[in-house]
Amino acid sequence: ELVARSLHEMSKRTSKPFIVLDCGAIPKDLIESTLFGHEKGAFTGAISQNKGCFEQANGGTIFLDEIGELDIGLQPKLLRVLENRELKRVGGDRTIKVDVRVLAATNRDCRQMVNNGTFREDLYFRLSVITINNPPLRERKEDIPQLVHHFLADVAARRNMSLNIAVDAMTALVGYDWPGNVRELRNVIERTASLCDSPTITRPDLSLGQMSG
């Protein structure tokens, strides 16, 4: 999501909306309405008109996280929006033009999903115009010190205090493989900063997934 947000903020669309949708977090019966919106009375509980994520992102960027989780029955409708740059709300008959940059991410192997028949090949190629591989943290350990200082600064600002890290502790962090990637690193820093009674983090205990100060 941070990569997608950075692409948005460095583009000419930066003044327009940036909308995030986790395709794996929305119930199957609500995903179409969430993406494309619905008209009043379109289904039980639709008490008013609602704009979907694509309309909300008009002029800006929509980030479809975990696109591999998207139900295959909805994939043709998404492809149609990508191809024609227009949509119809659920329960509506009016065509609505949209101008949206679409970014998508997944932890799944969508190429293998295409081979297995669980992801549409035409949608796969439509989304794969430009592919960015975000390598795991263990393959870019030179980023760890900068990330550590960023997370420490964030915690320090919230606690209204100064926090730093000893050289040995940083060495231990760089040497760890981080199976949970950046999220795990952030959690370790935040937990450690909350528990330590010193402004300097000194003794990492990464075998327990935590650190002491």
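First things first, this report covers the structure right here in the doc. (Residues numbered from 1 in each chain as written. Predicted model: local features only at pLDDT ≥ 70, side-chain atom pairs only at ≥ 80, totals over all residues. Heavy atoms only, no water.)

## As for the sheet that holds strand β5 (residues 101–104)
- Overall, parallel pairing links the 3 strands, which are arranged β1-β2-β5 in an open sheet. Since the sheet does not close on itself, it has two edges, and those belong to β1 (18–22) and β5, each with one partner. Put simply, the sheet's adjacent strands are angled 20° from each other on average, direction ignored.
- With 4 bridges connecting them, strand β2 (residues 61–65) and β5 associate as parallel partners. Bridge pairing in β5 places I62 opposite V102. (Pairing = 2+ DSSP bridges. Helix = DSSP H or I, 4+ residues; strand = E, 2+ residues; numbered from the N terminus. Axes fitted to C-alpha atoms, helices over the stretch in contact; angles between N-to-C directions.)

## Some points on the pattern of salt bridges
- On inspection of all chains with the given rule, the structure shows 15 salt bridges.
- Residue E86 is joined to K97 by a salt bridge in which the shortest nitrogen-to-oxygen separation is 2.9 Å. Remark: K97 occurs in strand β4 (residues 96–97) and E86 occurs in strand β3 (residues 86–87); sequence separation between them is 11 residues.
- Residue E86 is classed as partly exposed on the basis of its relative accessible area of 25%.
- Between D177 and K141 there is a salt bridge whose closest N-O contact spans 3.3 Å. Of this pair, D177 sits in the loop between α8 (167–175) and α9 (181–195) while K141 sits in the loop between α6 (121–127) and α7 (144–159); the two residues are 36 residues apart in sequence, bridging distant segments of the chain. (Salt bridge = Lys/Arg side-chain N within 4 Å of Asp/Glu carboxyl O. Buried < 20%, exposed > 50% of the residue type's maximum accessible area, 1.4 Å probe, protein only.)

## A look at the environment of I26
- Topologically, I26 is positioned in the loop between β1 and α2 (31–36).
- Here I26 falls in the partly exposed class, since its relative accessible area comes to 25%.
- As for I26 and E69, which are separated by 43 residues in sequence, their C-alpha atoms are 9.9 Å apart.
- Discounting chain neighbours no more than four positions away, the residues touching I26 are L21, I31 and T34. (Contact = heavy atoms within 4.5 Å.)

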